[in-house]
Amino acid sequence: MIEDQWAPLSLRDAPAARVLRDGVPASLQLPLREWVHAAADSHTSAAERAAVRIDVVLYSEDGGDEDVSTGERIAYWTPAEKLLDVTDALLDLMPTDGWMNTRPTAGLPVWEVLSITRASLPDKQHREPLQGLLNDAGSLYTIRADGRALVRRVDPGVAAVTGEAMKAANQPVRGSATRHLRQALDAAYALQPDPVKAYSEAIKAVESAAHATLQPKHATATLGTMLGEFRQVRAKLTVPIAGKSGTEGLALVESMMGLLWTGQTSRHGNLQETRDETAQEAAMAVHLASTLVQLFASGAIRRA
């Protein structure tokens, strides 16, 4: 998280003045190459696949480099502009050792709990040192919660809201809302963001969370059909802050749902050229979805 990062003494009294750094700053380049070298030497097959993924040639045409290890090649032959890509690829290909994504163990047999615990020991050899480097460098990037990729750091406030929404939606009646919201967040803040996927997953998260409340008997309900139903049953819905006239609260929820639905530009093709969502649009969609998922999943919006 951003607030856990060390900051220089000169900036500690003015934290807003410190800007997270994109790319690989000069001070991080050699330490990051050394990390890649160590990780690649420990997982040679992963390094070779990572090189193919990011299109880095590990063998020169002239030969004469037979004594150079695969780890050394990928660490020091990779151009600086691809260092984050190779780091990201290695994270995906190396075993996670659980990292921070331990499965719930409540109610499981003792033998299964022990098995999960053993497989969930933190990766102190590779991922913890990398996370320390990224924090020390004030990098814009951090390791994703499952340990399998680099992602852009999420503002602590946004992360808290999204986390609470995922927690509230983690119940059968809210379908796959938690999974969709997590995938939307990952796609929006990935090393190479995927705005189209992020926006689509954000909508699916709201559809999953709101389905039981708005259209439980409509098996193929969409956010669009739920908006139509919302207008029909508005008088039967309640929200904690109703507003002075008793309608402002629900009107705000409807407006948020409508904005999320109509703001998706890539949903359908037509006579006009279809435009993909931008990174900024996708990020806003994830933030809107987080609030809506939390409101529906927590029962704040319900039928009277």
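Up top is the structure these notes are about.
Report follows, based on the coordinates. None of the values given here were measured: they were computed from a predicted structure.

Conventions and cut-offs
Throughout, a residue's number is its position along its own chain's written sequence, starting from 1. Restriction of local features to residues with pLDDT of at least 70 applies here, the model being predicted, together with a cutoff of 80 or more for giving and counting side-chain atom pairs; totals for whole chains, interfaces and linings are based on all residues. Processing note: side-chain calculations cover all non-hydrogen atoms of the structure and skip hydrogens and water entirely. Working definition: helices are DSSP H or I runs of at least four residues, strands are E runs of at least two. Numbering for both runs from the N terminus. Throughout, a residue-residue contact means that at least one pair of heavy atoms, one from each residue, lies within 4.5 Å. Surface accessibility follows the Shrake-Rupley procedure with a 1.4 Å probe radius. Residue values consider only the protein chains on display as shielding. Residue exposure (1.4 Å probe, protein chains only): buried if accessible area is under 20% of the type maximum, exposed if over 50%, otherwise partly exposed. Think of the arc as the fan of directions from the helix axis to the C-beta atoms. Axis lines are fitted to C-alpha atoms, over the contacting stretch for helices. Their N-to-C directions set the angle, which ranges from 0 to 180 degrees. Relative orientations are named as follows: roughly parallel for angles under 35 degrees, roughly antiparallel for angles over 145 degrees, roughly perpendicular for angles from 65 to 115 degrees, and oblique for any other angle. For any pair of crossing helices, the crossing counts as left-handed if the nearer helix is rotated counterclockwise from the farther one by less than a right angle, and right-handed if it is rotated clockwise. Gly is put with the polar residues, along with every residue not named as nonpolar or charged; the nonpolar set is Ala, Val, Leu, Ile, Met, Phe, Trp, Tyr, Cys and Pro, and the charged set is Asp, Glu, Lys and Arg. Remark: nonpolar core denotes a set of buried residues (Ala, Val, Leu, Ile, Met, Phe, Trp, Tyr, Cys) joined through side-chain atoms within 4.5 Å. Counted as positive: Lys and Arg. Counted as negative: Asp and Glu, with His and the chain ends omitted from the count. Salt bridges are counted wherever a side-chain nitrogen of Lys or Arg sits within 4 Å of a carboxyl oxygen of Asp or Glu.

### What about the overall build of the protein?
Across its full length, the protein holds twelve helices and four strands. Of the contacts made within the protein by residues no fewer than 6 positions apart, 66% connect residues no fewer than 24 positions apart. Of the accessible surface of the protein, which amounts to about 16400 Å², a share of 55% is contributed by carbon and sulfur atoms.

### Some remarks on helix α6 (residues 127–136)
Among all positions of α6, only R127, L130, Q131, L134 and N135 are buried. Buried residues in α6, looked at end-on, bunch into an arc of 135 degrees, giving them a common side. The inward-facing, buried residues of α6 contact α1 (26–42), α4 (83–93), β1 (141–143) and β2 (150–152). Looking at the residues trailing α6, positive phi occurs at G138, about 65 degrees.

### Considerations on the packing of α1 against α4
Between α1 and α4, the least distance of the axes is 11 Å, while the angle of their chain directions is 30 degrees. One element, α1, and the other, α4, form an angle in the roughly parallel class. Along this stretch, α1 crosses α4, giving a crossing that reads as left-handed. Together, Q29, L32, R33, W35, V36 and A39 of α1 and L83, L84, V86, T87, L90 and L91 of α4 make up the contact between the two elements. Classifying every residue of the contact of α1 with α4 by side-chain character gives nine nonpolar, two polar and one charged.

### As for the nonpolar core
Among the nonpolar cores identified, the biggest contains 47 residues, and L214, M257, L260, L292, V293 and F296 are the most heavily contacted of them. Of all elements in the fold, only α7 (156–169), α8 (177–188), α9 (195–214), α10 (223–233), α11 (248–262) and α12 (279–297) reach the threshold of two or more residues within this core. Non-local contacts of L292, meaning those with residues more than four positions away in its chain, are made with V206, V253, M256, M257 and L260. Membership of the second largest hydrophobic core comes to 32 residues, among which are A46, V56, I143 and L150.

### Let's talk about the side chain of E207
Along the chain, the position of E207 falls in helix α9. For the buried E207, no salt bridge exists, and the shortest N-O distance to an oppositely charged side chain is 7.3 Å, to K204. In contact with E207, other than residues within four places in its own chain, are T222, L223, M226 and W261.

### Digging into the packing of α8 against α12
Two quantities define a packed helix pair, namely the angle between the axes and the distance from one axis to the other. Following both chains from N to C, one finds α8 and α12 inclined at 160 degrees, their axes separated by 10 Å at the closest point. The orientation of α8 relative to α12 falls into the category roughly antiparallel. Note on packing geometry: the crossing formed by α8 with α12 is left-handed. Within the contact between the two elements, α8 uses A177, L181, A184, L185 and A188 and α12 uses V286, A289, S290 and V293. Looking at the contact of α8 with α12 residue by residue, the classes come out as eight nonpolar, one polar and no charged.

### Overview of α10
Taken residue by residue, α10 has L223, M226, L227, F230 and V233 as its buried positions. Down the axis of α10, the sector holding all buried residues measures 140 degrees, keeping them to one side. If you follow the buried residues of α10, they end up packed against α9, β3 (237–238), α11 and β4 (302–303).

Keep in mind that these numbers describe shape and distance, not what the molecule does.
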